[in-house]
Amino acid sequence: MSPSPTSLGSAPCVAVFGGCGGAGASTLAAGLARSALHSGRAVVLVDADPLGGGLETILADDLSPGRHRSEGAAEGSGLSLLTCARPDGTPIPPESMGHALSAIAPEAELMIVDLPRSLSDSTRLAAACATHTLLIAPVAERVLVSARRLLDQLGSLGPRPSLVARLPSRDLLSPQGLAAHLRLPLQGVIRASRDRSRIQRASLDRFCGRFVDSLFGAVAA
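Attention in this report is confined to the structure presented alongside it. (Residues numbered from 1 in each chain as written. Predicted model: local features only at pLDDT ≥ 70, side-chain atom pairs only at ≥ 80, totals over all residues. Heavy atoms only, no water.)

1. Observations regarding the sheet that holds strand E7 (residues 186-190)
Ordered in space as E3-E2-E4-E1-E5-E6-E7, the seven strands form an open sheet in which the pairing is parallel. For this open sheet the edge positions go to strand E3 (78-83) and E7, each flanked by a neighbour on one side alone. On average, each strand axis in the sheet is tilted by 20 degrees relative to the strand beside it, whichever way the strands run. Examined bridge by bridge, strand E1 (residues 13-18) and strand E5 (residues 132-138) share five bridges and lie parallel to one another. Bridging from a neighbouring strand, Val 14 pairs with His 132 of E5. The strands touched by helix H8 (residues 201-215) are E1, strand E4 (110-114), E5, strand E6 (162-166) and E7; relative to E7, the strand with the most contacts, the crossing angle is about 155 degrees. (Pairing = 2+ DSSP bridges. Helix = DSSP H or I, 4+ residues; strand = E, 2+ residues; numbered from the N terminus. Axes fitted to C-alpha atoms, helices over the stretch in contact; angles between N-to-C directions. Contact = heavy atoms within 4.5 Å.)

2. A closer look at unusual backbone geometry
Looking along the chain, the bond that leaves Leu 167 and enters Pro 168 is cis, with omega of 10 degrees. Its place among the elements puts Pro 168 in the loop between E6 and helix H7 (175-182). Phi angles above zero are rare outside glycine, and Arg 183 is one such case at about 60 degrees. For Arg 183, the position within the fold is in the loop between H7 and E7.

3. Side note on the environment of Arg 41
Assignment of secondary structure puts Arg 41 in the loop between helix H1 (25-38) and strand E2 (42-47). Remark: the alpha-carbon pair of Arg 41 and Glu 109, spanning 68 residues in sequence, is separated by 6.2 Å.

Shown next, in the form of structure tokens:
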């Protein structure tokens, strides 16, 4: 039997998609997991991309021995990482995805699933189990076509995504304009580093901290 939001328990489950290749979905998913960990919560991060495997590197410090809990965190808090990468890159069977999500859900106060843009049956299953969906996309007109295609494929599957806009803008488009074109609510804006090649860590941490707080009714500073 495939899991449903109710069968996964009461913990929030956040699905993260990239609006185009290289949008920063894995970086955003890792940032959310790090913020939840540092706020003292038990978080499970799922790398659901069969061609993935980079989240271990992004979260190397948090996953190393002795760093599974943040200082002052409650007993039982921590970060667990489930990687679904496959050597041959073949799609993950939906039954395997369903069993994995059902098995790890009881351990989590928050689940975050980093999903690929190719919507296999297992990706659709994970998206349907989400309570919140985030779509991260650079602020650029070229992104509109690929992001719309993904949204069309998602349809009514899971909650309607909220947009996380990634600056700087590549043209005259603004984050609000990108959200309007995609017909999505604008959840937040993340800035790039000085060389524009990566997401700025401070900007990422601010957004992720506020978003995680909002999931649990906390007031962000």
